[in-house]
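Read off the chains here:
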Amino acid sequence: MKVPFLELKPGYIELKDEFDAAYHRVMDSGWVLLGKELEAFEEEFAAFSETKYCVGVANGLDALHLILRAWDIGPGDEVIVPSNTYIASWLAISYAGATPVPVEPDLVTYNIDPARIEEAITPRTKAIMPVHLYGQPADMDPIMAIAEKHGLRVLEDNAQAQGARYKGRLTGGLAHAAGTSFYPGKNLGAFGDAGGVTTNDPELAEKVRTLRNYGSKVKYYHDIQGINSRMDELQAAFLRVKLRHLNTWNARRASLATAYQSALAEYSSQLFSISGFQLLPTVPEWASPVWHLFVIRHPQRDALQKHLAEHGIGTQIHYPIPPHLSGAYSTKKMKDSTPSSISRVPSPPHTSSSLNSSSSILSLPLAERLASEVLSLPIGPHVPDDAPMLVRQALDSFL
Ligand SMILES: *Cc1c(COP(=O)(O)O)cnc(C)c1O
(Lines give C-alpha, C1' and ligand atoms only; values in the text may rest on other atoms or scores of the structure.)
Protein backbone atom coordinates (compact mmCIF):
# COMPACT_ATOMS: atom_id res chain seq x y z
CA MET A 1 0.00 0.00 0.00
CA LYS A 2 1.30 3.43 -0.97
CA VAL A 3 -1.25 5.01 1.37
CA PRO A 4 -2.45 2.66 4.13
CA PHE A 5 -5.84 3.57 5.61
CA LEU A 6 -4.49 3.96 9.16
CA GLU A 7 -1.12 3.56 10.85
CA LEU A 8 -0.60 4.12 14.57
CA LYS A 9 3.17 3.71 14.75
CA PRO A 10 4.13 7.08 13.14
CA GLY A 11 2.28 8.85 15.96
CA TYR A 12 4.41 7.04 18.51
CA ILE A 13 7.62 7.79 16.60
CA GLU A 14 6.79 11.52 16.32
CA LEU A 15 6.34 11.92 20.09
CA LYS A 16 8.49 9.02 21.29
CA ASP A 17 10.45 10.99 23.89
CA GLU A 18 7.27 12.36 25.48
CA PHE A 19 5.54 8.95 25.56
CA ASP A 20 8.63 7.26 26.96
CA ALA A 21 8.94 9.91 29.70
CA ALA A 22 5.24 9.41 30.57
CA TYR A 23 5.75 5.65 30.78
CA HIS A 24 8.72 6.02 33.14
CA ARG A 25 6.90 8.58 35.27
CA VAL A 26 4.04 6.12 35.88
CA MET A 27 6.25 3.06 36.39
CA ASP A 28 8.55 4.93 38.77
CA SER A 29 5.55 6.16 40.76
CA GLY A 30 4.46 2.60 41.55
CA TRP A 31 0.80 3.71 41.27
CA VAL A 32 -1.23 2.26 38.37
CA LEU A 33 -4.97 2.98 38.92
CA LEU A 34 -7.02 6.05 39.97
CA GLY A 35 -4.03 8.24 40.68
CA LYS A 36 -2.41 11.57 39.82
CA GLU A 37 -2.18 10.98 36.06
CA LEU A 38 -5.92 10.32 35.70
CA GLU A 39 -6.75 13.32 37.88
CA ALA A 40 -4.49 15.54 35.80
CA PHE A 41 -5.86 14.18 32.52
CA GLU A 42 -9.44 14.72 33.67
CA GLU A 43 -8.65 18.34 34.51
CA GLU A 44 -6.82 18.92 31.24
CA PHE A 45 -9.49 17.29 29.07
CA ALA A 46 -12.28 19.21 30.84
CA ALA A 47 -10.34 22.42 30.16
CA PHE A 48 -9.84 21.40 26.52
CA SER A 49 -13.56 20.62 26.16
CA GLU A 50 -14.56 23.86 27.93
CA THR A 51 -16.64 21.84 30.42
CA LYS A 52 -16.45 21.86 34.21
CA TYR A 53 -15.89 18.12 34.62
CA CYS A 54 -14.35 15.12 32.91
CA VAL A 55 -14.53 11.60 34.33
CA GLY A 56 -12.17 9.04 32.81
CA VAL A 57 -13.56 5.54 32.23
CA ALA A 58 -12.44 2.34 30.53
CA ASN A 59 -13.87 2.95 27.03
CA GLY A 60 -16.37 4.96 25.00
CA LEU A 61 -19.16 2.40 25.33
CA ASP A 62 -18.98 2.67 29.13
CA ALA A 63 -18.89 6.47 28.99
CA LEU A 64 -22.25 6.53 27.18
CA HIS A 65 -23.71 3.66 29.18
CA LEU A 66 -22.75 5.16 32.56
CA ILE A 67 -24.35 8.51 31.71
CA LEU A 68 -27.63 6.67 31.05
CA ARG A 69 -27.21 4.62 34.25
CA ALA A 70 -26.52 7.79 36.24
CA TRP A 71 -29.77 9.27 34.91
CA ASP A 72 -31.63 6.08 35.93
CA ILE A 73 -32.55 5.35 32.33
CA GLY A 74 -33.19 1.63 31.96
CA PRO A 75 -35.80 -1.03 31.17
CA GLY A 76 -39.01 0.40 29.70
CA ASP A 77 -37.30 3.64 28.64
CA GLU A 78 -36.52 4.72 25.08
CA VAL A 79 -33.52 6.68 23.83
CA ILE A 80 -33.46 8.28 20.37
CA VAL A 81 -30.29 7.53 18.40
CA PRO A 82 -29.19 7.90 14.74
CA SER A 83 -29.97 4.97 12.43
CA ASN A 84 -26.53 5.29 10.76
CA THR A 85 -24.02 5.27 13.60
CA TYR A 86 -21.38 2.89 14.89
CA ILE A 87 -23.24 0.15 16.75
CA ALA A 88 -21.67 1.17 20.11
CA SER A 89 -24.11 4.11 20.31
CA TRP A 90 -27.02 1.62 20.22
CA LEU A 91 -25.28 -0.92 22.45
CA ALA A 92 -24.76 1.66 25.20
CA ILE A 93 -28.56 2.08 25.34
CA SER A 94 -29.24 -1.67 25.28
CA TYR A 95 -26.55 -2.24 27.93
CA ALA A 96 -28.43 0.15 30.24
CA GLY A 97 -31.54 -1.97 29.60
CA ALA A 98 -33.32 0.74 27.59
CA THR A 99 -34.51 0.62 23.98
CA PRO A 100 -32.75 2.38 21.09
CA VAL A 101 -35.20 4.23 18.82
CA PRO A 102 -33.49 5.01 15.51
CA VAL A 103 -34.01 8.27 13.63
CA GLU A 104 -32.79 8.67 10.06
CA PRO A 105 -30.01 11.07 9.00
CA ASP A 106 -29.98 14.21 6.92
CA LEU A 107 -28.44 13.03 3.62
CA VAL A 108 -26.36 16.21 3.28
CA THR A 109 -24.45 15.98 6.59
CA TYR A 110 -25.06 12.28 7.47
CA ASN A 111 -25.96 13.41 11.00
CA ILE A 112 -29.31 12.82 12.72
CA ASP A 113 -32.07 14.86 11.02
CA PRO A 114 -33.63 17.09 13.69
CA ALA A 115 -36.81 17.35 11.57
CA ARG A 116 -37.46 13.62 12.10
CA ILE A 117 -36.92 13.50 15.86
CA GLU A 118 -40.31 14.63 17.18
CA GLU A 119 -42.26 11.92 15.36
CA ALA A 120 -40.12 9.32 17.17
CA ILE A 121 -40.90 10.65 20.66
CA THR A 122 -43.29 8.54 22.77
CA PRO A 123 -44.32 8.71 26.44
CA ARG A 124 -41.39 6.34 27.15
CA THR A 125 -38.73 8.56 25.57
CA LYS A 126 -36.19 9.74 28.13
CA ALA A 127 -33.23 11.00 26.13
CA ILE A 128 -31.77 11.86 22.73
CA MET A 129 -28.26 10.75 21.77
CA PRO A 130 -26.98 12.70 18.73
CA VAL A 131 -23.68 11.41 17.33
CA HIS A 132 -21.12 13.81 15.84
CA LEU A 133 -20.48 11.34 13.05
CA TYR A 134 -17.19 11.32 11.15
CA GLY A 135 -16.03 14.32 13.26
CA GLN A 136 -18.75 16.71 12.09
CA PRO A 137 -21.01 18.24 14.77
CA ALA A 138 -24.71 17.36 14.68
CA ASP A 139 -27.15 20.27 14.39
CA MET A 140 -27.51 20.73 18.16
CA ASP A 141 -29.69 23.87 18.53
CA PRO A 142 -32.90 22.30 17.15
CA ILE A 143 -32.13 19.07 19.06
CA MET A 144 -31.78 20.95 22.37
CA ALA A 145 -35.00 22.89 21.62
CA ILE A 146 -36.95 19.65 21.02
CA ALA A 147 -35.48 18.14 24.18
CA GLU A 148 -36.46 21.14 26.26
CA LYS A 149 -39.99 21.16 24.84
CA HIS A 150 -40.48 17.47 25.74
CA GLY A 151 -38.46 17.41 28.98
CA LEU A 152 -35.77 15.07 27.63
CA ARG A 153 -32.07 14.81 28.39
CA VAL A 154 -29.46 14.97 25.65
CA LEU A 155 -26.14 13.13 25.64
CA GLU A 156 -23.67 13.67 22.83
CA ASP A 157 -21.80 10.69 21.42
CA ASN A 158 -18.55 12.61 20.98
CA ALA A 159 -16.35 9.59 20.19
CA GLN A 160 -15.41 10.88 16.74
CA ALA A 161 -15.29 14.62 17.27
CA GLN A 162 -12.84 15.76 19.97
CA GLY A 163 -12.05 19.37 19.13
CA ALA A 164 -14.92 19.95 16.68
CA ARG A 165 -17.00 23.12 17.02
CA TYR A 166 -20.68 23.89 16.50
CA LYS A 167 -21.39 27.63 16.08
CA GLY A 168 -18.05 28.25 17.77
CA ARG A 169 -18.68 25.97 20.76
CA LEU A 170 -16.85 22.70 21.36
CA THR A 171 -18.61 19.36 21.03
CA GLY A 172 -18.67 17.52 24.33
CA GLY A 173 -20.12 20.57 26.08
CA LEU A 174 -23.19 21.25 23.93
CA ALA A 175 -25.74 19.13 25.82
CA HIS A 176 -26.36 17.77 29.34
CA ALA A 177 -23.46 15.34 29.05
CA ALA A 178 -21.20 13.70 26.48
CA GLY A 179 -19.42 10.39 26.21
CA THR A 180 -16.22 10.11 24.23
CA SER A 181 -13.80 7.36 23.26
CA PHE A 182 -10.01 7.30 23.34
CA TYR A 183 -9.83 4.08 21.30
CA PRO A 184 -6.43 4.11 19.51
CA GLY A 185 -7.88 5.06 16.11
CA LYS A 186 -9.86 8.06 17.39
CA ASN A 187 -8.57 11.65 16.96
CA LEU A 188 -7.39 11.53 20.58
CA GLY A 189 -6.43 7.88 20.99
CA ALA A 190 -4.68 5.97 23.78
CA PHE A 191 -2.43 2.92 23.40
CA GLY A 192 -5.28 0.68 24.44
CA ASP A 193 -8.89 1.28 25.48
CA ALA A 194 -10.07 4.38 27.34
CA GLY A 195 -13.05 6.72 27.39
CA GLY A 196 -14.41 9.78 29.15
CA VAL A 197 -17.54 11.64 30.21
CA THR A 198 -17.67 15.44 29.96
CA THR A 199 -20.37 17.55 31.61
CA ASN A 200 -21.10 20.78 33.48
CA ASP A 201 -23.36 18.94 35.93
CA PRO A 202 -21.56 18.28 39.24
CA GLU A 203 -24.07 15.63 40.38
CA LEU A 204 -23.76 13.66 37.17
CA ALA A 205 -19.96 13.81 37.29
CA GLU A 206 -19.97 12.56 40.87
CA LYS A 207 -22.39 9.72 40.10
CA VAL A 208 -20.38 8.52 37.08
CA ARG A 209 -17.20 8.72 39.20
CA THR A 210 -18.88 6.42 41.73
CA LEU A 211 -20.40 4.06 39.15
CA ARG A 212 -17.06 3.52 37.37
CA ASN A 213 -15.49 2.23 40.59
CA TYR A 214 -17.96 -0.42 41.83
CA GLY A 215 -20.36 2.21 43.17
CA SER A 216 -17.85 3.15 45.83
CA LYS A 217 -16.79 6.57 47.09
CA VAL A 218 -14.93 5.22 50.09
CA LYS A 219 -13.00 1.97 49.67
CA TYR A 220 -15.18 -1.07 50.55
CA TYR A 221 -18.34 1.05 51.07
CA HIS A 222 -20.70 0.43 48.14
CA ASP A 223 -23.72 2.73 48.08
CA ILE A 224 -24.91 1.81 44.60
CA GLN A 225 -24.31 -1.09 42.19
CA GLY A 226 -21.50 0.16 40.01
CA ILE A 227 -19.20 -1.53 37.53
CA ASN A 228 -15.46 -1.70 36.99
CA SER A 229 -14.69 0.89 34.34
CA ARG A 230 -11.47 2.66 35.31
CA MET A 231 -8.99 4.36 32.98
CA ASP A 232 -5.50 3.25 34.05
CA GLU A 233 -2.64 5.60 34.85
CA LEU A 234 -0.55 4.63 31.82
CA GLN A 235 -3.35 5.44 29.38
CA ALA A 236 -4.05 8.72 31.21
CA ALA A 237 -0.35 9.64 31.02
CA PHE A 238 -0.18 8.82 27.28
CA LEU A 239 -3.38 10.77 26.63
CA ARG A 240 -1.94 13.82 28.43
CA VAL A 241 0.92 13.77 25.91
CA LYS A 242 -1.41 13.44 22.93
CA LEU A 243 -3.85 16.07 24.18
CA ARG A 244 -1.08 18.69 23.94
CA HIS A 245 -0.82 17.90 20.21
CA LEU A 246 -4.48 17.32 19.40
CA ASN A 247 -5.16 20.72 17.84
CA THR A 248 -2.04 20.41 15.65
CA TRP A 249 -2.99 16.89 14.58
CA ASN A 250 -6.59 17.95 13.89
CA ALA A 251 -5.23 20.82 11.77
CA ARG A 252 -3.27 18.30 9.65
CA ARG A 253 -6.49 16.35 9.11
CA ALA A 254 -8.21 19.59 8.06
CA SER A 255 -5.55 20.44 5.51
CA LEU A 256 -5.82 16.96 3.97
CA ALA A 257 -9.61 17.39 3.84
CA THR A 258 -9.19 20.70 2.00
CA ALA A 259 -6.76 19.04 -0.41
CA TYR A 260 -9.23 16.19 -1.06
CA GLN A 261 -12.04 18.70 -1.68
CA SER A 262 -10.04 20.51 -4.36
CA ALA A 263 -8.36 17.45 -5.90
CA LEU A 264 -11.71 15.68 -6.34
CA ALA A 265 -13.88 18.71 -7.20
CA GLU A 266 -13.90 18.13 -10.95
CA TYR A 267 -14.65 14.41 -10.71
CA SER A 268 -17.31 15.24 -8.16
CA SER A 269 -19.19 17.68 -10.38
CA GLN A 270 -19.01 15.24 -13.33
CA LEU A 271 -20.46 12.47 -11.15
CA PHE A 272 -23.16 14.85 -9.93
CA SER A 273 -24.25 15.80 -13.44
CA ILE A 274 -24.40 12.14 -14.53
CA SER A 275 -26.00 10.57 -11.46
CA GLY A 276 -27.00 13.29 -8.97
CA PHE A 277 -24.57 11.78 -6.48
CA GLN A 278 -22.95 13.94 -3.84
CA LEU A 279 -19.41 12.47 -3.80
CA LEU A 280 -17.74 14.90 -1.40
CA PRO A 281 -18.72 15.68 2.19
CA THR A 282 -20.63 18.92 2.80
CA VAL A 283 -19.78 21.19 5.72
CA PRO A 284 -22.57 23.52 6.90
CA GLU A 285 -21.39 27.09 7.62
CA TRP A 286 -21.93 26.58 11.37
CA ALA A 287 -19.71 23.49 11.58
CA SER A 288 -15.96 23.16 12.18
CA PRO A 289 -15.40 19.42 11.82
CA VAL A 290 -12.27 17.55 12.92
CA TRP A 291 -12.32 15.01 10.07
CA HIS A 292 -12.15 11.81 12.08
CA LEU A 293 -13.05 10.27 8.72
CA PHE A 294 -13.20 11.65 5.18
CA VAL A 295 -16.24 9.90 3.74
CA ILE A 296 -17.23 10.01 0.08
CA ARG A 297 -20.31 8.48 -1.54
CA HIS A 298 -20.32 6.65 -4.84
CA PRO A 299 -22.92 4.59 -6.76
CA GLN A 300 -20.23 1.95 -7.56
CA ARG A 301 -18.73 1.95 -4.07
CA ASP A 302 -17.46 -1.65 -4.01
CA ALA A 303 -15.81 -1.40 -7.46
CA LEU A 304 -14.25 1.92 -6.47
CA GLN A 305 -12.83 0.45 -3.27
CA LYS A 306 -11.24 -2.39 -5.25
CA HIS A 307 -9.88 0.04 -7.86
CA LEU A 308 -8.29 2.25 -5.20
CA ALA A 309 -6.74 -0.81 -3.52
CA GLU A 310 -5.19 -1.78 -6.87
CA HIS A 311 -3.66 1.71 -6.93
CA GLY A 312 -2.19 1.29 -3.45
CA ILE A 313 -4.80 3.30 -1.55
CA GLY A 314 -6.35 1.74 1.54
CA THR A 315 -9.98 2.56 2.31
CA GLN A 316 -12.64 1.40 4.76
CA ILE A 317 -16.43 1.44 5.03
CA HIS A 318 -18.09 3.19 8.00
CA TYR A 319 -20.31 1.26 8.32
CA PRO A 320 -21.21 -1.61 5.98
CA ILE A 321 -24.19 -2.86 8.03
CA PRO A 322 -26.50 -0.47 9.88
CA PRO A 323 -27.15 -1.54 13.50
CA HIS A 324 -30.80 -2.56 12.88
CA LEU A 325 -29.71 -5.11 10.22
CA SER A 326 -26.81 -6.52 12.21
CA GLY A 327 -27.28 -9.80 14.02
CA ALA A 328 -27.26 -7.95 17.34
CA TYR A 329 -30.55 -6.20 16.52
CA SER A 330 -32.18 -8.25 13.80
CA THR A 331 -35.71 -9.21 14.79
CA LYS A 332 -34.98 -12.90 14.98
CA LYS A 333 -32.24 -12.50 17.58
CA MET A 334 -34.31 -10.10 19.61
CA LYS A 335 -37.15 -12.58 19.88
CA ASP A 336 -34.72 -15.31 20.92
CA SER A 337 -32.98 -13.59 23.73
CA THR A 338 -32.97 -10.00 24.66
CA PRO A 339 -35.76 -8.27 26.55
CA SER A 340 -34.88 -4.90 25.10
CA SER A 341 -35.93 -4.51 21.52
CA ILE A 342 -35.87 -1.79 18.93
CA SER A 343 -38.98 0.29 18.76
CA ARG A 344 -40.61 0.57 15.41
CA VAL A 345 -40.87 4.17 14.37
CA PRO A 346 -43.76 4.87 12.01
CA SER A 347 -42.39 5.85 8.61
CA PRO A 348 -42.61 9.56 8.08
CA PRO A 349 -45.00 10.48 5.28
CA HIS A 350 -42.23 12.06 3.18
CA THR A 351 -40.23 8.87 2.74
CA SER A 352 -41.35 6.02 0.60
CA SER A 353 -41.06 3.05 2.85
CA SER A 354 -40.42 -0.51 1.87
CA LEU A 355 -41.96 -1.55 5.16
CA ASN A 356 -44.84 -3.87 4.69
CA SER A 357 -47.07 -4.05 7.68
CA SER A 358 -46.81 -7.81 8.12
CA SER A 359 -43.00 -7.78 7.98
CA SER A 360 -41.25 -7.68 11.34
CA ILE A 361 -37.98 -6.24 10.05
CA LEU A 362 -37.43 -2.57 10.70
CA SER A 363 -36.92 -0.55 7.55
CA LEU A 364 -34.57 2.43 7.65
CA PRO A 365 -34.02 3.22 3.97
CA LEU A 366 -31.60 6.13 4.39
CA ALA A 367 -29.24 4.25 6.72
CA GLU A 368 -29.41 1.23 4.40
CA ARG A 369 -28.68 3.39 1.38
CA LEU A 370 -25.69 5.09 3.00
CA ALA A 371 -24.29 1.72 4.08
CA SER A 372 -24.05 0.72 0.42
CA GLU A 373 -22.60 4.03 -0.82
CA VAL A 374 -20.08 5.38 1.72
CA LEU A 375 -16.32 4.97 1.46
CA SER A 376 -13.71 6.42 3.83
CA LEU A 377 -10.47 7.72 2.27
CA PRO A 378 -7.22 7.79 4.27
CA ILE A 379 -7.07 10.80 6.59
CA GLY A 380 -5.04 11.38 9.73
CA PRO A 381 -2.07 13.31 11.11
CA HIS A 382 0.39 10.95 9.41
CA VAL A 383 -1.28 10.33 6.06
CA PRO A 384 1.10 11.62 3.36
CA ASP A 385 0.32 14.98 1.73
CA ASP A 386 0.13 13.46 -1.74
CA ALA A 387 -2.77 11.12 -0.83
CA PRO A 388 -5.46 13.40 -2.39
CA MET A 389 -3.45 13.64 -5.62
CA LEU A 390 -2.98 9.85 -5.74
CA VAL A 391 -6.72 9.33 -5.25
CA ARG A 392 -7.46 11.82 -8.04
CA GLN A 393 -5.06 10.02 -10.40
CA ALA A 394 -6.64 6.66 -9.58
CA LEU A 395 -10.09 8.12 -10.32
CA ASP A 396 -8.90 9.17 -13.81
CA SER A 397 -8.82 5.51 -14.78
CA PHE A 398 -12.06 4.55 -13.01
CA LEU A 399 -14.99 3.90 -15.37
C1 LIG B 1 -15.62 4.36 18.88
C2 LIG B 1 -17.03 4.74 19.09
C3 LIG B 1 -17.73 4.40 20.26
C4 LIG B 1 -17.22 3.44 21.30
O5 LIG B 1 -15.97 3.67 21.80
P6 LIG B 1 -15.09 2.47 22.41
O7 LIG B 1 -14.02 3.20 23.13
O8 LIG B 1 -14.62 1.65 21.28
O9 LIG B 1 -15.98 1.70 23.33
C10 LIG B 1 -19.02 4.89 20.42
N11 LIG B 1 -19.60 5.64 19.48
C12 LIG B 1 -18.98 5.97 18.33
C13 LIG B 1 -19.68 6.83 17.33
C14 LIG B 1 -17.68 5.52 18.09
O15 LIG B 1 -17.09 5.83 16.93
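Residues numbered from 1 in each chain as written. Predicted model: local features only at pLDDT ≥ 70, side-chain atom pairs only at ≥ 80, totals over all residues. Heavy atoms only, no water.

Right, let's talk about the sheet that holds strand β12 (residues 287–288) for a bit. As summarised here, the arrangement of the 3 strands in space is β7-β6-β12, forming an open sheet in which the pairing is antiparallel. Edge positions in the sheet fall to β7 (169–170) and β12, since each of these pairs with one other strand and no more. Bridging between strand β6 (residues 165–166) and β7 involves 2 bridges; their strand directions are antiparallel. Residue pairing across strands places Y166 opposite R169, the latter belonging to β7. (Pairing = 2+ DSSP bridges. Helix = DSSP H or I, 4+ residues; strand = E, 2+ residues; numbered from the N terminus.)

Right, let's get into the pairing of strand β5 (residues 153–157). In terms of residue burial, β5 counts as a mostly covered element, since 4 of its 5 residues are buried. For strand β4 (residues 125–128) and β5, the ladder comprises 2 bridges, and the chain directions are parallel. Looking across to β5, one finds that A127 is bridged to R153. Assessed by its sense of winding, the connection that carries the chain from β4 through helix α6 (residues 140–150) to β5 is right-handed. Note that β5 and strand β8 (residues 177–181) share 3 bridges and pair parallel. When the sheet's bridge partners are listed, L155 is paired in β8 with A177. (Buried < 20%, exposed > 50% of the residue type's maximum accessible area, 1.4 Å probe, protein only. Right-handed = clockwise from strand over helix to strand, strands pointing away.)

This part is about the nonpolar core. Nonpolar side chains tend toward joint burial in soluble globular proteins. Ranked by internal contacts, the top residues of the largest apolar core, which has 36 residues, are L264, F294, I296, L308, L377 and V391. Among the elements of the structure, α9 (246–263), α10 (265–275), β13 (294–297), α11 (301–310), β14 (374–377) and α14 (387–396) are those that each provide at least two residues to this core. For this core, the element with the highest residue contribution is α14, accounting for 5 residues. If sequence neighbours within four positions are ignored, L308 has contacts with I313, T315, L375, L377, V391 and A394. Listed in part, the 28 residues of the second largest apolar core include I73, A96, L155 and A177. (Core = buried A, V, L, I, M, F, W, Y, C linked by side-chain atoms within 4.5 Å. Contact = heavy atoms within 4.5 Å.)

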